[in-house]
Structure formats: structure tokens, C-alpha cells
Amino acid sequence: MNTALISGGTSGIGLATAAVLLDRGWQVAVSGRDEAKGEAALQQLGPEKAVCYIKGDVSRDEDCRNMVDETVRRFGSLDGLVTSAGIYEQGLLENVTPDEVQQLFAVNVYGTISLCKYALPHLRRRPGSIVTVSSDAGLQGNIACSVYGATKGAVVAFTKSLALEAAPHQIRVNCVCPGDVETPMLEKQLRDHPDMERETMKEQYPLYRLAQADEVAKAIAFLLSEDASFITAAALPVDGGLTSW
């Protein structure tokens, strides 16, 4: 049975990915900072299924190491890693504080790097697969999120470079680049910026709607699976055509 570790697995895209993988027979460890959200996620995913919660903050290197080690301890192996933990901050560069810059990079970039670093020795034994989570902002410029875009662009570049490094070990490394997704993160964005409206956001998309979390999750599950056995170093837009305008 395959085993996956999903950071940010207690909500949004990460939680949806856990549900998809569990339905396909995987064992799944979901990680996150909030124990209450972790327990709620386990109840939603189904306590009878092969799933566990591991508390951890991806901005802390030692927590990333523990997430990987604890997954292997509980399930015996690691076949897939999904780095879904991330934060979003919107604002003009002149208004961004140094602490906000540091936090965005600590979670979105350094957390991704640390998890991949500690997962690689275990993935070599299988061999396994990694899927990182970037954004449409990692592929093209977005207004009022230059630092966030920089972190997600870094994830794309890191993914492509790591894929070449891991290829001799038959480890595939890809990333998904979603647009706006109906998740708690989007709800927070709309609350924080009352001038933004969901209907107006939809108008930016050729498909004229926002993504559901499970639509991104299915793309992640595909990239993890043997169905994508000859795909590596790809940055897959899951954005309803947004980056093709």
C-alpha cells in the first residue's frame, strides 16, 4: 500500500488531496499547525481509514524532519510527498513589512525545501514521487502580490531543478499551479479585502468559475500515480485557462 505525507493537509487543497488518495487506497499522513483542525480533518476523512495527523509547522526545519520521520514510523514507508502548506498575503510592495516577507518565504519556500530534503532518502527506496503546490502567480505576474508571487515562482524553479537532481533515482518531481480555489484561504482573502467579489473573480477565467479543491486534488493524485510515470519537472496549470489569456 502506498503512503503519502501531505503538508497543509487539514484544510483546502491538502485535505481534498488526502480524501482522493484515501479513496484510491493510499495511506495518508496529514500535517498542520492546529491540533483541533487536525482532529476535525481526521473525522471528516473517516477515522476508520488509514490516515493520521501529525502536528507541525513547515516554517520550522525540525518540524519538517519530524513530519517525515513520523510518517515513516507510523506507516513503514513513504511513496509520495505533497507540499500543500502555504500562506497568502496581498498588498502593494511598499506596504509589505519585513516580517511578512520572511514569513511568506519561511512557509511557502523554505518549508517546501525542507520537506523535500528529508523525504528524498525515503523516496529513493520505493522510488516515490513529489508534488509541490505553486500558483498561477508562480507563472505570471499578479497585481498586489509581488512577494507572494516571488515565493510561488521560487517553488516552480525549485521543483524543476529538484526533478533533474532526483531523476537518476527514478523520483519524479512536479508541481501544480492552481488559480483561485474555493477554500478557507479564499474565504479569508475575501473577508480581508471587501472590495473583492467572487463574481468579479470568476470573470477572469475562461471557464467563468473558480476551481473546487477536489479538482486540484485529482491533478495532484494523477501526478503522484503511475499514470504519470513519464512526467517530471512539469508545472501544471490547474487554473481554468487563466494563464492562457
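Residues numbered from 1 in each chain as written. Predicted model: local features only at pLDDT ≥ 70, side-chain atom pairs only at ≥ 80, totals over all residues. Heavy atoms only, no water.

Caption draft 1: Representation of the environment of Pro237 within the structure. Summarising the element assignment, Pro237 is placed in strand β9 (residues 235–238). When the C-alpha positions of Pro237 and Ala85 are compared, they lie 18 Å apart, and in sequence the two are 152 residues distant. Residue contacts for Pro237: discarding those within four places in its chain leaves Leu139, Cys177 and Thr243. (Helix = DSSP H or I, 4+ residues; strand = E, 2+ residues; numbered from the N terminus. Contact = heavy atoms within 4.5 Å.)

Caption draft 2: Looking closely at the sheet that holds strand β6 (residues 172–178). Read across the open sheet, the seven strands follow the order β3-β2-β1-β4-β5-β6-β9; overall the sheet is parallel. Every interior strand has two partners, whereas the edge strands, β3 (51–55) and β9, have only one. Direction aside, neighbouring strands of the sheet carry axes that sit 20° apart on average. Where β6 and β9 come together, four bridges link them in parallel fashion. Residue pairing for β9: Pro178 is matched across the bridge by Val238. Sheet contacts for helix α3 (residues 61–75): β1 (3–7), β2 (27–32) and β3; angle to β3, the most-contacted strand, approximately 150°. (Pairing = 2+ DSSP bridges. Axes fitted to C-alpha atoms, helices over the stretch in contact; angles between N-to-C directions.)

Caption draft 3: Highlighting the side chain of Ser7. Take Ser7: it is sitting in strand β1. With near-sequence residues (within four places) excluded, Ser7 lies in contact with Ser31, Val58, Val82, Thr83, Ser84, Ala85 and Leu115.

No statement about biological role is implied by the geometric values presented.
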